[in-house]
Amino acid sequence: MAFYYEEPSRTFSEYLLVPGYSSTRCIPSEVSLKTPLVRFARGEEPALSIQIPMVSAIMQSVSDDRLAVALAQEGGLSFIYGSQSIEDQSEMIRRVKRYRAGFVVSDSNVSPDMTLQDVLRITEQTGHSTIAVTEDGKAGGRLLGIVTNKDYRVSRMEPDMKVSEFMTKFEDLIYADEDTTLKEANDIIWDHKINCLPLVNKKQELVYLVFRKDYDRHKKNEHESIDASKRYLVGAGINTRDYAERVPALLEAGADVLCIDSSEGFTEWQKITLDYIKKNYGDKVKVGAGNVVDAEGFRFLADAGADFVKIGIGGGAICITREQKGIGRGQATAVIEVAKARDEYYKETGIYVPICSDGGIVHDYHVTLALAMGADFVMLGRYFARFDESPTKKVNINGSYMKEYWGEGSARASNWQRYDMGGDKKLSFEEGVDSFVPYAGSLKDNVNLTLSKVRSTMCNCGALTIPELQAKAKITLVSSTSIVEGGAHDVMLRDKR
């Protein structure tokens, strides 16, 4: 006979935190959000920690090298998506590891034969007002000029006018050698009263751009995620098929941590993959596994050597696994059970295996709830897909700007490895959708806003650290009518315009 759970599985929106005693020490500026990323023994420090409990999802529409740098600057970590060639994924890792703060690799480029219409299209998609003109129209090509919004007037120029006719030519640019330091670059910018300084190599190929507007951002951020060589930390997704070829390449490129990307982690395939990594690299290579939704799944992966365990099946905004296959569990219930299993495992073995809540985060306060319920950090997809730094296009739909966002189980991504059950190398049916999310601006601004809410709520609970929150939190179920009561009701809202 099938096993039946007595309680329904619940979502984060069905819970609220009840305030606890707050001392005068409980102010947001005193809250530490530092959290372990990988397993560690009692009395020891984890080999890897992050300064904020946020990592980005292993998705084509979320985690590339640009977002990885932006998130590491804020203290989090990205897992570069694995549903691409080994070479392309490795190159993304290398770009993060060799990134120099303040030195931007141009991702808005045109060739001289392209038109004003192309420039306007790129500007609308990216929001960038400075576009490099290279011989082949690609980043790293021979620099021929720069186009900014000062170089054209839409009302007085034809859309098919060639870029070569209105760009600022290379010979008229102020530029510098690729070995120029950030201080030297900023001095040149201020001395010449320019907004952007291209750095080129001996072949006149564009290497970096340095912007005046980024000056304040170049100051050291005490929360950034860096390695011993002060390079940004970055993770990488792997699968259970080509790990023997992919893992060595990613490690050679500089990946700091790996994660098996799968819709369901309670499988022998994950154990085989973990066994391979631990046999060949020992404890030097850190690898997370998942996803699971109960204590049994957690124990299986912890015993198999996973350095952290991801929780969640079917809770993502673009995930339709529950709809298609009828499997999964409410995210809050899954986190609560797995957190108990994690604590029991720690008591039994003296080994602490961090858990990551992946999916089900709709509102900022859900992050705090996930942490209070026992998660060490959360993995977010839709949240990060909305930002400038995500790899997708910004599009105008009915007068509102949106960003593209699609699931790894959608036909667009066709990431069959994530849903692999040992059959044909194809996606038999979709477990994700292709969608849009409202554009939200920069990662930095939004992450800071979210975390300010998390810190404030922690203070309401009398907690200054995540472990203290988990020990002190009082959590209550809410009824459907009290959910209505929690928002604006029985009033007519003013038009904010």
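As a reminder, the structure under discussion sits directly above these lines.
The structure presented is a predicted model; accordingly, all values stated were derived computationally and were not measured.

A. Expanded view of the overall build of the protein. The helix and strand inventory of the protein stands at 15 helices and 24 strands. Along the first, second and third principal axes, the C-alpha atoms of the protein reach 75 × 60 × 45 Å. The buried share of the protein, reckoned over its 497 residues, is 52%. In the protein, 64% of the contacts between residues at least 6 apart in sequence involve partners at least 24 apart. Counting only carbon and sulfur atoms, one obtains 49% of the accessible surface of the protein, whose full area is about 24,200 Å². Of the charged side chains in the protein, 62 are positive and 71 negative, and the gap between their average positions amounts to 3 Å.

B. Up close: the packing of aromatic side chains. Summed over the entire model, instances satisfying the criterion amount to 15 aromatic pairs. Taking 5.2 Å as the distance between ring centres and 50° as the angle between the ring planes, the aromatic pair formed by F266 and F300 counts as tilted. On the criterion of sequence distance, the pair formed by F266 in the loop between β15 (257–260) and α7 (268–281) and F300 in helix α8 (residues 295–304) is long-range, its members being 34 residues apart. On the numbers, 5.6 Å between centres and 70° between planes, the contact of F308 with F377 is edge-to-face. In this pair, F308 is assigned in the loop between α8 and β17 (309–311) and F377 in strand β20 (residues 377–380), connecting sequence segments 69 residues apart. Look at F308 and you get buried, because its relative accessible area is 0%.

C. Region of the structure containing the packing of α7 against α8. The interhelical angle for the contact between α7 and α8, taken along N-to-C directions, is 20°, at an axis separation of 9 Å. Here α8 runs roughly parallel to α7, going by the angle between their axes. By crossing handedness, the relation of α7 to α8 is classed as right-handed. Of the residues in α8, those touching α7 at E268, Q270, K271, L274 and D275 are F300, L301 and A304. Across the contact of α7 with α8, the residue classes tally to 4 nonpolar, 1 polar and 3 charged.

D. Expanded view of the sheet that holds strand β12 (residues 196–200). Pairing within the open sheet is mixed, and its 3 strands lie in the order β11-β12-β13. Since the sheet does not close on itself, it has two edges, and those belong to β11 (176–177) and β13 (206–211), each with one partner. Bridging between β12 and β13 involves 5 bridges; their strand directions are antiparallel. Opposite L197, over in β13, you have V210 as the bridge partner.

E. View of helix α11 (residues 364–372). Where burial is concerned, most of α11 is hidden: 8 out of the 9 residues are buried. Taken from the residues just after α11, G374 is the one with a positive phi, measuring 130°.

F. A look at the side chain of E404. Relative to the helices and strands, E404 is located in strand β22 (residues 400–406). Setting aside its immediate chain neighbours within four residues, E404 contacts S61, T392, K393, R412, S435 and F436.

G. How the structure looks around the pairing of strand β19 (residues 355–358). Burial along β19 is two-sided: I355 and S357 facing one way and C356 and D358 facing the other are all buried. Note that β17 and β19 share 3 bridges and pair parallel. Looking across to β19, one finds that K310 is bridged to C356. With 3 bridges connecting them, β19 and β20 associate as parallel partners. Each bridged residue has a counterpart across the sheet, and for C356 the counterpart in β20 is F377. Read as a crossover between parallel neighbours, the route from β19 over α11 to β20 is right-handed.

H. Layout of unusual backbone geometry. For the bond running from G290 to N291, omega is 10°, close enough to zero to count as cis. Mapped onto the secondary structure, N291 falls in strand β16 (residues 287–292). The phi dihedral of K193 is positive, around 55°, even though this residue is not glycine. Residue placement: K193 occurs in the loop between α5 (182–192) and β12.

I. Representation of the nonpolar core within the structure. Counting 100 residues, the largest nonpolar core has L37, M54, V55, F79, L258, F298 and F384 as its most contacted members. Element by element, the count of residues in this core is highest for helix α10 (residues 331–349), at 7 residues.

J. Looking closely at the pairing of β16. Taken across its 6 residues, β16 has 6 buried, putting it largely inside the fold. Here β15 pairs with β16 via 2 bridges, running parallel. Its bridge partner lying in β16, L258 is registered against V287. Strand direction decides the pairing type here: β16 and β17, joined by 3 bridges, are parallel. Its bridge partner being in β17, V292 is matched across the sheet by I311. Read as a crossover between parallel neighbours, the route from β16 over α8 to β17 is right-handed.

K. Up close: the pattern of salt bridges. Evaluated as defined, the whole model comprises 25 salt bridges. A salt bridge links D307 to K278, with the nearest nitrogen and oxygen atoms 2.8 Å apart. In this pair, D307 sits in the loop between α8 and β17 while K278 sits in helix α7, placing the two residues 29 residues apart along the sequence. Across this residue pair, the class does not change: D307 and K278 are buried. Between R342 and D376 there is a salt bridge, with the nearest N and O atoms lying 2.8 Å from each other. Placement of R342 in helix α10 and of D376 in the loop between α11 and β20 is noted, with a sequence separation of 34 residues between them. For R342, a relative accessible area of 1% corresponds to the buried category. A relative accessible area of 3% places D376 in the buried class.

Thresholds applied
Residues numbered from 1 in each chain as written. Predicted model: local features only at pLDDT ≥ 70, side-chain atom pairs only at ≥ 80, totals over all residues. Heavy atoms only, no water. Helix = DSSP H or I, 4+ residues; strand = E, 2+ residues; numbered from the N terminus. Buried < 20%, exposed > 50% of the residue type's maximum accessible area, 1.4 Å probe, protein only. Contact = heavy atoms within 4.5 Å. Areas by Shrake-Rupley, 256 points an atom, 1.4 Å probe, with all protein chains shown as cover. Lys, Arg positive; Asp, Glu negative; His and termini not counted. Charge placed at Lys NZ, Arg CZ, Asp CG, Glu CD. Phe/Tyr/Trp six-rings, centres within 6.5 Å; stacked < 30°, edge-to-face > 60°. Axes fitted to C-alpha atoms, helices over the stretch in contact; angles between N-to-C directions. Parallel < 35°, antiparallel > 145°, perpendicular 65-115°, else oblique. Left-handed = near helix turned anticlockwise from the far one by under 90°. Nonpolar A, V, L, I, M, F, W, Y, C, P; charged D, E, K, R; others polar. Pairing = 2+ DSSP bridges. Right-handed = clockwise from strand over helix to strand, strands pointing away. Core = buried A, V, L, I, M, F, W, Y, C linked by side-chain atoms within 4.5 Å. Salt bridge = Lys/Arg side-chain N within 4 Å of Asp/Glu carboxyl O.

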